[in-house]
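Secondary and tertiary structure notes
Next come the chains, spelled out residue by residue.
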Amino acid sequence: MNIRDFIKENILFLDGGMGTLLQERGLAPGQYPESWNITHPDIIKDIHKSYFEAGSNVISTNTFGANLLKFTKIELEEIISSAIKIAKEAREESKTSHPKFIALDIGPCGKLLKPYGDMDFEDAVKLFSETVKIGVKYGVDIVFLETFSDSYETKAALLAVKESCDLPVFVSNAYGEDGKLMTGASPEVMIAMLEGMGADAVGANCSLGPDKLFDTVKRMVECSSVPVLVKPNAGLPKSVGGKSVYDISPEEFSLVMKDMVLSGVRIAGGCCGTTPEYISSLSKSLADVVPMEIRNKNTTVVSSYANTVVFDKKPVLIGERINPTGKKRFKQALIEKDISYILNEGISQEEKGVDILDVNVGIPDINEEEMLNCVIKELQAVSALPLQIDTSSYTAMEKALRCYNGKALINSVNGKEESMNAIFPLVKKYGGVVIALTLDENGIPETAKGRIEIAKRIIETAKNYGISKNDIVFDTLTMTVSANSNSPKVTLDALKYIKDVLGCHTSLGVSNVSFGLPNRDVINSTFFAMALENGLSAAIMNPHSEDMMKVYHSYKALRGLDENCGEYIDFISTLPEKTTVTDVKNEVQNKIDSNISPLKFAIVKGIKDDAYRLTSELLDSCVPLDLVNCDIIPALDIVGRGYENKTMYLPQLLMSAEAAKASFECIKSKIKSDNSSSKKCPFVIATVQGDIHDIGKNIVKLLLENYGFDVHDLGKDVAPEAILEEVIRLDAPLVGLSALMTTTVPAMEETIKLIKTKSPKTLVVVGGAVLTEEYAKNIGADKYAKDAMETVRFAEKVFNNK
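Please read all numbers here as calculations on a predicted model, not as lab measurements.

Thresholds, definitions, all that
Residues numbered from 1 in each chain as written. Predicted model: local features only at pLDDT ≥ 70, side-chain atom pairs only at ≥ 80, totals over all residues. Heavy atoms only, no water. Pairing = 2+ DSSP bridges. Helix = DSSP H or I, 4+ residues; strand = E, 2+ residues; numbered from the N terminus. Contact = heavy atoms within 4.5 Å. Axes fitted to C-alpha atoms, helices over the stretch in contact; angles between N-to-C directions. Salt bridge = Lys/Arg side-chain N within 4 Å of Asp/Glu carboxyl O. Buried < 20%, exposed > 50% of the residue type's maximum accessible area, 1.4 Å probe, protein only. Expected span 1.5 Å × (residues − 1). Arc of directions from axis to C-beta. Core = buried A, V, L, I, M, F, W, Y, C linked by side-chain atoms within 4.5 Å. Left-handed = near helix turned anticlockwise from the far one by under 90°. Nonpolar A, V, L, I, M, F, W, Y, C, P; charged D, E, K, R; others polar. 1 Å grid on protein atoms, 1.4 Å probe; cavity = no way out; pocket = protein on both sides within 12 Å on 5 of 7 lines; lining within 4 Å. Points joined across faces, edges and corners; volume = space filled by probe spheres on them.

**Remarks on the sheet that holds strand E24 (residues 763-767)**
An order of E22-E21-E23-E24-E25 is seen for the 5 strands of this open sheet, with the pairing classed as parallel. The sheet is open, and its two edges are formed by strand E22 (710-713) and strand E25 (783-784), each paired on a single side. Bridging between strand E21 (residues 682-687) and strand E23 (residues 734-738) involves 5 bridges; their strand directions are parallel. The residue of E23 that forms the bridge with Val684 is Val735. The sheet contacts of helix H31 (residues 788-801) involve E21, E23, E24 and E25, and relative to E24 the element is tilted by about 170°.

What follows is the structure in structure tokens.
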């Protein structure tokens, strides 16, 4: 039976943990679990058979970390082919009669993608593609992407699968207790992107036990239109006699998992610490349970790496300022590649309250494909808002959609066959909500009926590509009232019909109505109010227009979309008594000047070029140390506190650190001397032996360096003896150790014991997804840091005390 058909009517049981079982059977600290496909195939087969006998429908091959960063191409093919051969033998030898499938298991590569890390997005796609192609060659039933903690890497892996085969693909991410991925994505964010790209099932695994994952999973079920899967850990780990022991029994595990399935989960299994006993208990407890129906949620949603915007009752504001039309200074910025100017346009609109940023860089004087790609990447590095990709170039659109981290708003398609044939395949492949213009080969109809007919044709054509009308937002085209006094009525009549009768959301470029007229904001704001009353879902508009924002906030208050009129009151309280056009243009900068220095602002917002330029200018009149103490470090503290308080995300923390680094580099180059004498104490950092995942380590390194520590990074997969040697050479008071996988925690424990024996004064701080405070204490660490900023705070405390 096809697995896609099976999960339509049945609960699908996955397998449980692999790493902890291999440790019990002799996997040495630092040894790659995948190597046992070659050296201990009988043990791997026995584990697979045990899961099939326990009731698993799907077993995952022992290939979680199998990629070209870890093995040569020849080794990789041998490991994956052996893993699949073992899994097939286990299936054949299993005596149970239930449907059985084999999943190619793929975990994260261990690197953070640019701009936050050093791996290019396309290199990540290529890396995952190599693994997928080998798996397909040797015959698996599905591909299972699991334990991904970054939305961008998840997209790269899913894209690799989709471009390499047509097998079903399940995608599962590792969420923290705050319900977010390491880089800030919520369940709603991930489902928007993954559903858009065509994942067959989405879910959560690892990091937490079933009780701690329950709320996250509930949120998934509420917004997902595809099956939801969950693979929790067996609770929290402890180190007992050098082994990882978990605190939830099979019976306790099954009890919570049953509640999850009754709440709508369709696919269930286990992760770290779970065994065949857990799966057996789970399958038995659900033997008579009828799965809940999976409903299409009919949601129109776009997303960034951290936020979703749902088209619903509340009007969506799309900032129009990143567009060269009628903007001489913006055109100049594009020609001069003045990215800082463009980023500031985005940030200023975000501060004004827009939900989405329109991005259009189309002028004849530049390479639009390159510039659009660049601006999208840079904007996503400093803003968490979703973007509307606005271009008439199909090639530029594809490149932009490919690099976009989330589910984009696509501007646009129209009723021309050429347009639909070019844009709809991109929507289907990369996901997205597409703006549909009601024009065709005959131009823009002069009647509402003509525009409605085009809208109907667009909906029908989209169906042929597998695109729902929920992913189409119609623009009935705002025409200039000074040229035709009837044109606004035609636009609004068509808009109202499409919203009320066709059941689709709508968008307009509001300001087009006033071309050629004086006091344009008066016309624009009145037309905006009329459009809202006729069913306008989203407006492309200038958020710096006071008149437009007055209409927006008033409408929400009057329509019951602003509880206790709170947002309206807050907005009105910020308005100056008298406002001129110049005042509006300078308002954001004045706000910056009065509350925070320009250099601080550049660092807080992560704008590297501005940080370097402003530092260079200030050094003509300021002492370097004053800049460090009064601007750079305080800016980092602002972002650090925001990150700790969950009001800012990891990408913002990293880009702020990069901007601070640019300031430090400028100071170094100006004073033409090494500032090593001013550095704080040495801090040795490494990912432990057997673990190639260095994302967390690299984040900690960047932040520690910005706070002045003398960081010595030994890299990944580092032997205990090499770490100790560096500690003794430097007489380092601090060591940071990182581990992502359960199977590499024993190597961490071994390293700590060695350091404590040979350098007892050295304090060891540890971090990683598989660790807890109690676990860290049990293996001898002095400090467990749940994130990078906690490591910095601990190091600062140690240094100050010394």
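**Quick word on the pattern of salt bridges**
Enumeration according to the criterion identifies 48 salt bridges in this entry. The closest approach of N and O atoms between Lys668 and Glu665, which form a salt bridge, is 3.9 Å. Placement of the pair is Lys668 and Glu665 together in helix H26 (residues 650-671), with a separation of 3 residues, close to one helical turn. Of the residues examined, Lys668 reaches a relative accessible area of 30% and is grouped as partly exposed. One connected set of salt bridges, linked through shared partners, spans Lys45, Lys49, Lys85, Glu89 and Glu93.

**Quick look at the pairing of E23**
In terms of burial, E23 is largely enclosed, as 5 of its 5 residues are buried. Side chains Leu734, Gly736 and Ser738 project from E23 onto one buried face, and the interleaved Val735 and Leu737 project onto a second face that is buried too. Two strands pair when backbone bridges link them, and E23 and E24 are joined in this way by 5 bridges, in the parallel orientation. Across the sheet, the residue bridging to Ser738 is Gly767, located in E24.

**Side note on helix H19 (residues 520-533)**
Along its 14 residues, H19 runs 20 Å from first to last C-alpha, staying within 8% of the 20 Å computed at 1.5 Å per residue. Listed in full, the buried residues belonging to H19 are Asn524, Ser525, Phe527, Phe528, Ala531 and Leu532. All buried residues of H19 project into a common sector of 165° when viewed along the axis, lining one side. Each element contacted by the buried residues of H19 is listed here: strand E13 (316-319), helix H18 (487-500), strand E19 (505-509), strand E20 (538-541) and helix H20 (546-558). Note on H19: the residue one or two positions beyond its end, Gly535, has a positive phi of about 105°.

**What about the nonpolar core?**
In terms of nonpolar packing, the biggest core is built from 218 residues, with Leu145, Met260, Ile376, Ile389, Phe474 and Phe528 touching the most fellow members. Core analysis: the next-biggest nonpolar cluster, separate from the first, contains 26 residues, Val735, Val745, Ile752 and Ala776 among them.

**Digging into the environment of Gly566**
Its location among the elements puts Gly566 in helix H21 (residues 566-574). Residue classification places Gly566 among the partly exposed residues on the basis of a relative accessible area of 26%.

**Focus on the packing of helix H23 (residues 598-605) against helix H25 (residues 624-644)**
Axes are the key here: two packed helices are described by the angle between their axes and the distance separating the axes. Contact pair H23 / H25: the axes reach a minimum separation of 9 Å and the direction vectors enclose 35°. In the crossing of H23 with H25, the sense of the turn from one axis to the other is right-handed. Every residue of H25 that contacts H23 at Leu599, Lys600, Ile603 and Val604 is listed here: Leu627, Cys630, Asp631, Ile632, Pro634, Ala635, Ile638 and Val639. A per-class count over the contact of H23 with H25 returns 10 nonpolar, no polar and 2 charged.

**With respect to empty space enclosed by the protein**
The tally for this structure, following the rule as stated, stands at 1 cavity of 30 Å³ or more. Looking at the largest cavity, its volume works out to about 70 Å³. Along its surface, the largest cavity is lined by Lys114, Pro115, Tyr116, Tyr152, Tyr305, Lys377, Gln380, Ala381, Cys403 and Asn405. It is helix H14 (residues 368-382) that provides the largest number of residues to the lining of the largest cavity, a total of 3 residues. Classifying every residue of the lining of the largest cavity gives 6 nonpolar, 2 polar and 2 charged.

Nothing here speaks to function; it is geometry throughout.
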